[in-house]
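# A look at the structure
The residues making up each chain are set out below.
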Amino acid sequence: IGGRYVITGQACIAPEYVFVHKSIFEKLRTMLGETVNRFYGNNPKENKDYSRIINEWHTNRLSELLKNHNGKVVVGGGECDIKQRYVPPTVISYDSVSDMSKSCLAKEEIFGPI
């Protein structure tokens, strides 16, 4: 979580994928959610330590990715605020690598908190 959401994922070192066996998925999902909440609170938009996206164009691009990912939001999500350049910390899951590979999120680097 620390590596992904440092400067809201706008760094080349931010991990984009985590592959886990389905037997530990729920535990991981719970831990990811708890960690996001511990780092940024119940409302990351109001947290002064949660960065903003570099400009409105990229915020809109990320907002569109969140609308069209064809996965399941398991942590975070919520509304983007284009004017405030806010995209919430979000974790998306897929049932298989094949499903994920068809997603818009797998087509290019995300450079955002998804």
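The structure reproduced in this document is the subject of the present report. Along each chain, numbering runs from 1 in the same order as the chain's sequence is written. Given that this is a predicted model, residues contribute local features only at a pLDDT of at least 70 and side-chain atom pairs are listed and counted only at 80 or more, while totals for whole chains, interfaces and linings are drawn from all residues. With hydrogens and water set aside, each side-chain value is computed from the structure's full complement of heavy atoms.

Stacked, tilted and edge-to-face are the three classes applied to pairs of Phe, Tyr and Trp rings, where Trp contributes its six-membered ring and a pair requires centres within 6.5 Å; stacked means planes under 30 degrees apart, edge-to-face means over 60, and tilted covers the rest. Scanning the model with the defined rule gives five aromatic pairs in all. One aromatic cluster is present, built from ring pairs that chain together Tyr5, Phe39, Tyr40, Tyr50 and Tyr86.

The next thing to look at is the environment of Leu105. When you line up the elements, Leu105 lands in the segment after helix H4 (97–101). Note on classification: 1.4 Å probe, protein chains only; a residue is buried when its accessible area is under 20% of the maximum for its type, exposed when over 50%, partly exposed between these limits. Residue classification places Leu105 among the buried residues on the basis of a relative accessible area of 7%. A sequence separation of 88 residues divides Leu105 from Tyr17, and the C-alpha atoms of the two residues are 10.0 Å apart. The contact rule is simple, with two residues in contact once any of their heavy atoms fall within 4.5 Å. Contacts of Leu105, omitting those with residues within four sequence positions, involve Tyr17, Leu65, His69, Ile92, Tyr94, Ile110 and Ile114. Helix and strand definitions follow DSSP, with helices as H or I runs of at least four residues and strands as E runs of at least two, each counted in order from the N terminus.

It is worth spelling out the nonpolar core at this point. Membership of the largest hydrophobic core is limited to 12 residues, which are Ile53, Leu62, Leu65, Leu66, Cys80, Val87, Ile92, Tyr94, Met100, Leu105, Ile110 and Ile114. Ranked by residue count, the leading element in this core is helix H3 (residues 56–67), at three residues. Residue contacts for Met100: discarding those within four places in its chain leaves Tyr17, Phe19, Tyr94 and Ala106. Nonpolar cores are built from buried Ala, Val, Leu, Ile, Met, Phe, Trp, Tyr and Cys residues. Side-chain atoms within 4.5 Å join them into one set.

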